[in-house]
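Understanding the architecture of this molecule
Residue-level listing of the chains:
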Amino acid sequence: MTTILVLNGPNLGRLGTREPEVYGSETLADIGERLQASVPDDVVIELRQTDDEGELIGWIHEAVDRRVPVVINPAAFTHYSYALRDAAAQLKTAGVPLVEVHLSNPHARETFRHTSVISGVATGVIAGFGSDSYRLAVDWLLRSPS
Ligand code: DQA
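Along each chain, the written sequence defines residue order, and numbers are assigned to residues from 1. Predicted model: local features are reported for residues with pLDDT of at least 70 only, side-chain atom pairs are reported and counted for 80 or more only, and whole-chain, interface and lining totals are derived from all residues. Side-chain metrics in this entry use all non-hydrogen atoms of the structure; hydrogen atoms and water are not considered.

1. Points about unusual backbone geometry
The residue Asn-11 is not glycine, and still its phi comes out positive at about 75°. Every helix listed is a DSSP run of H or I at least four residues long, and every strand listed is a run of E at least two residues long, numbered separately from the N terminus. Mapped onto the fold, Asn-11 is located in the loop between β1 (2-8) and α1 (20-23). Accessibility expressed as a relative area gives 38% for Asn-11, which makes it partly exposed. The phi angle at Glu-19 is positive, at roughly 35°, despite the residue not being glycine. With respect to the element layout, Glu-19 can be found in the loop between β1 and α1. Using a 1.4 Å probe on the protein chains alone, a residue whose accessible area is under 20% of its type maximum counts as buried, one over 50% counts as exposed, and one in between counts as partly exposed.

Encoded structure:
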């Protein structure tokens, strides 16, 4: 059994109604269902969302301890959470992959979105493909040597 943690930061629980012209009309639950349907039966997608920085950091610590690969959309924390970056760095040290994903392409948006404090400790970054960003990240994790 392979487990992948798919972690989501603030306001992503509002997908579906939140700025659909930017983020699409799927809810996070829709994205999770499509992801689970796209993977083999022995792969478990654990999809979680929080608006709380400390809770998100706790989930990264859990991933380090369980050695579970992570797909994370840190949402606005991407741009300023050094605490989340320091947590993600522990995954890098442990050799556990973390893929940063975004629904939109932050580089084509406001200037404050052009900086990610997470990317420097991520294994890779996928942005701008809507909910397919998550699927591409999971596809890569399943094909990468672990
Ligand atoms: C986002 C981009 C961030 O800039 C923003 O704060 C989000 C969502 C995305 O998925 O495109 O909440 O991470």
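2. Re the pairing of strand β3 (residues 70-73)
In β3, alternate side chains face the same way, and those of Val-70 and Ile-72 on one face and Val-71 and Asn-73 on the other are all buried. Pairs of strands are assigned from DSSP output, requiring at least two bridges between the strands. Of the pairings in the sheet, the one linking β1 to β3 comprises four bridges and is parallel in character. Each bridged residue has a counterpart across the sheet, and for Leu-7 the counterpart in β3 is Ile-72. Note that β3 and strand β4 (residues 98-102) share three bridges and pair parallel. What sits directly across from Ile-72, in β4, is Glu-100. When the strands point away from the viewer, a crossover counts as right-handed if the path from the first strand over the helix to the second runs clockwise. In this view, the connection linking β3 to its parallel neighbour β4 by way of helix α4 (residues 82-94) has right-handed handedness.

3. Let's talk about the pattern of salt bridges
Counted as salt bridges are all cases of a side-chain nitrogen of Lys or Arg within 4 Å of a carboxyl oxygen of Asp or Glu. Inspection of every chain in the model, using the stated rule, returns 10 salt bridges. Close ionic contact of Arg-66 with Glu-46 constitutes a salt bridge, the shortest N to O distance being 3.1 Å. With Arg-66 in helix α3 (residues 53-66) and Glu-46 in strand β2 (residues 43-49), this residue pair connects regions lying 20 residues apart in the sequence. When the shortest N-O distance is used, the salt bridge between Arg-109 and Glu-110 registers 3.8 Å. Residue classification places Glu-110 among the partly exposed residues on the basis of a relative accessible area of 37%. It is possible to trace a salt-bridge network through shared partners that takes in Glu-26, Arg-34, Asp-132, Arg-135 and Asp-139.

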